[in-house]
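# Coordinate inspection notes
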Amino acid sequence: MTEKTVNTNTAPAQAGAYLVHQARRRARYALVFFVLIAAFCLITVLNINIGNIPIPLERIVEILFTKTGNPTEVNIIWKIRLPRILMAAILGGALSLAGFLLQTFFENPIAGPFVLGISSGAKMVVAFAMIYFIQIFGVVSSYTLILAAFVGSLLSVGFILLFSRRIPSMSTLLVAGIMIGYICTAITDFTVTFAADSDIVNLHNWSKGSFSGMNWSNVGVAATVVGITGGVTFLMAKPIGAYQLGEAYAQSMGVNIKAFRTALIVLSSILSATVTAFAGPISFVGIAVPFLIRHCLNTSKPLVVIPATFLGGGVFCMLCDLIARTAFAPTELNISTVTSIFGAPVVIYMMLRRKGGRK
């Protein structure tokens, strides 16, 4: 009787504690999303306002909503700064989401498109397309570049998966990915060395990594590809959550492991390819942002982490792009230079944290 009485008395307290815990989790999620959205809006305004020709806030609002005002300022906002800002947000989110998918696939937070050599593979095939397709067809479309980058991404991933069957250590596998990246970069440099100067003008600028020169056509293509891929990724939130608990558990929940892992690779490759095709190789975003988002949310729940990771990647790249074009204006830094400055310390912290045995 005593034991039953204790259980009866503690049940409401346990239920109350659970409800309080759930409320705190939801409040934490809401706070993180609020901060990300606020940061997105603030950085958007700063990106539009700051430049060789600063534009006051009141005129920014007027031009955005009415497209009227000083013709020069209207053209600067609508034809130069706004497409660039949106591309930084879209591609930054895509790169972060690709990193999240690769980290899920390899079950390691250090995995990312740049570290595993996937971006370098995409860059290599895009370089071939930009040099040789232009010679043959005279022009290269955005979809051709995305397809070329996708093929390069799959080639790199294929080699990594081949190595993974023989290399049980994840740290060694990551080193193999870095070596693949170096090989792809060497092949790209070799190709560029013997190409005609007229064929490598665009390639030279693109290979540095930058969001400059974007237009609304680019925004439309990138938004379509990333939107569809991101939507499919979000719909896979439930099997991703099951997979995070182990393959055996995922199988018991009805997940086809082989098809699921293939989907992760294809989706991450499409996202990485889209980023590389438009903005060139960008480093550390795919590793640092998913880690920071999970740390802020204090959860790995895909239904929450996926949209937060996409939004966080967009904010991160928009901020880095703002720094890249204004820190030493009129000279513009490579976007990877800035992302490395902020992303590399996060990766170092992650490695030290794992070395210390803390999850």
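No experiment lies behind these values; they were computed from the predicted model shown.

### Remarks on a nonpolar patch on the surface
- The grouping of Val45, Leu57, Val61 and Phe65 at the surface amounts to a nonpolar patch, some 390 Å² of accessible area in total.
- At three residues, helix 2 (residues 57-66) tops the list of elements feeding residues into the nonpolar patch.
- Structurally, the position occupied by Phe65 is in helix 2.
- Judged by relative accessible area, Phe65 falls into the exposed class, the value being 70%.

### Quick word on the packing of aromatic side chains
- This structure, assessed with the given rule, holds four aromatic pairs.
- Between the aromatic rings of Tyr243 and Phe260, the centroid separation amounts to 5.0 Å while the plane-to-plane angle is 45°, which identifies the pairing as tilted. Here Tyr243, found in helix 9 (residues 237-244), pairs with Phe260, found in helix 11 (residues 257-279); they are 17 residues apart in sequence, far enough to count as distant. Neither residue differs from the other here; Tyr243 and Phe260 are each classed as buried.
- Taking the ring centre of Trp78 as reference, the NZ or CZ of Lys67 above it sits at 4.4 Å.
- When the ring centre of Phe105 is taken as reference, the NZ or CZ atom of Arg261 above it lies at 4.2 Å.

### Re the confidence of the model for the protein chain
- On average, the protein chain scores 84 in pLDDT, and the residues at 70 or more come to 89%.
- Per-element confidence in the protein chain is highest for helix 13 (residues 302-326), whose mean pLDDT is 95, and lowest for helix 7 (residues 201-207), whose mean pLDDT is 67.
- Overall, residues 1-6 carries pLDDT values under 50, and its contacts beyond four positions in sequence, including any with other chains, amount to zero contacts.

### What to know about the state of the cysteines
- Counted according to the given criterion, the structure contains zero disulfides.
- With no disulfide of its own, Cys317 has Cys320 as its nearest cysteine by sulfur position, at a separation of 6.2 Å.
- A residue is classified by how much of its surface remains accessible, and Cys320, at 0% relative accessible area, is buried.

### Focus: the side chain of Ser156
- Positionally, Ser156 belongs in helix 5 (residues 142-164).
- Ignoring sequence-local partners within four residues, the contact set of Ser156 consists of Gly117, Ile118, Gly121, Ile180 and Cys184.

### Focus on the environment of Ile76
- Looking at where Ile76 falls in the secondary structure, it is placed in helix 3 (residues 71-106).
- For Ile76, a relative accessible area of 11% translates into the label buried.
- Between the C-alpha atom of Ile76 and that of Ile55, which follows or precedes it by 21 residues, the distance is 9.4 Å.

### Details of the environment of Val225
- Tracing the chain through its elements places Val225 in helix 8 (residues 216-235).
- Each C-alpha atom of the pair Val225 and Tyr143 lies 9.5 Å from the other, and the pair is 82 residues apart in sequence.
- When sequence neighbours within four positions are dropped, the list of residues in contact with Val225 reads Ile146, Ile270 and Thr274.

### Observations regarding the packing of helix 8 against helix 11
- Between helix 8 and helix 11, the shortest axis-to-axis distance is 10 Å and the interhelical angle comes to 165°. Considered as vectors, helix 8 and helix 11 are oriented roughly antiparallel to each other. Every pair of crossing elements has a handedness; the one defined by helix 8 and helix 11 is left-handed. For the pair formed by helix 8 and helix 11, the contact residues are Asn218, Val221, Ala222, Val225, Val226, Thr229, Val232 and Thr233 on the first element and Leu267, Ile270, Leu271, Thr274 and Phe278 on the second.
- Looking at the contact of helix 8 with helix 11 residue by residue, the class counts come to nine nonpolar, four polar and no charged.

### Examining helix 12 (residues 285-297)
- Its 13 residues place the ends of helix 12 18 Å apart at the C-alpha level, agreeing with the 18 Å of an ideal helix rising 1.5 Å per residue.
- Extensive coverage of helix 12 is indicated by the burial of 10 of its 13 residues.
- For helix 12, the set of buried residues is Val285, Gly286, Ile287, Ala288, Val289, Pro290, Phe291, Ile293, Arg294 and Leu297.
- Backbone geometry just after helix 12 places Asn298 at a positive phi near 60°.

Thresholds applied
- Residues numbered from 1 in each chain as written.
- Predicted model: local features only at pLDDT ≥ 70, side-chain atom pairs only at ≥ 80, totals over all residues.
- Heavy atoms only, no water.
- Patch = residues over 30% accessible without salt bridge, like charges linked within 9 Å, V, L, I, M, F, W, Y side chains within 5 Å.
- Areas by Shrake-Rupley, 256 points an atom, 1.4 Å probe, with all protein chains shown as cover.
- Salt bridge = Lys/Arg side-chain N within 4 Å of Asp/Glu carboxyl O.
- Helix = DSSP H or I, 4+ residues; strand = E, 2+ residues; numbered from the N terminus.
- Buried < 20%, exposed > 50% of the residue type's maximum accessible area, 1.4 Å probe, protein only.
- Phe/Tyr/Trp six-rings, centres within 6.5 Å; stacked < 30°, edge-to-face > 60°.
- Lys NZ or Arg CZ within 6 Å of the ring centre and 35° of its normal.
- pLDDT = per-residue confidence, 0-100.
- Contact = heavy atoms within 4.5 Å.
- Disulfide = S-S within 2.5 Å.
- Axes fitted to C-alpha atoms, helices over the stretch in contact; angles between N-to-C directions.
- Parallel < 35°, antiparallel > 145°, perpendicular 65-115°, else oblique.
- Left-handed = near helix turned anticlockwise from the far one by under 90°.
- Nonpolar A, V, L, I, M, F, W, Y, C, P; charged D, E, K, R; others polar.
- Expected span 1.5 Å × (residues − 1).

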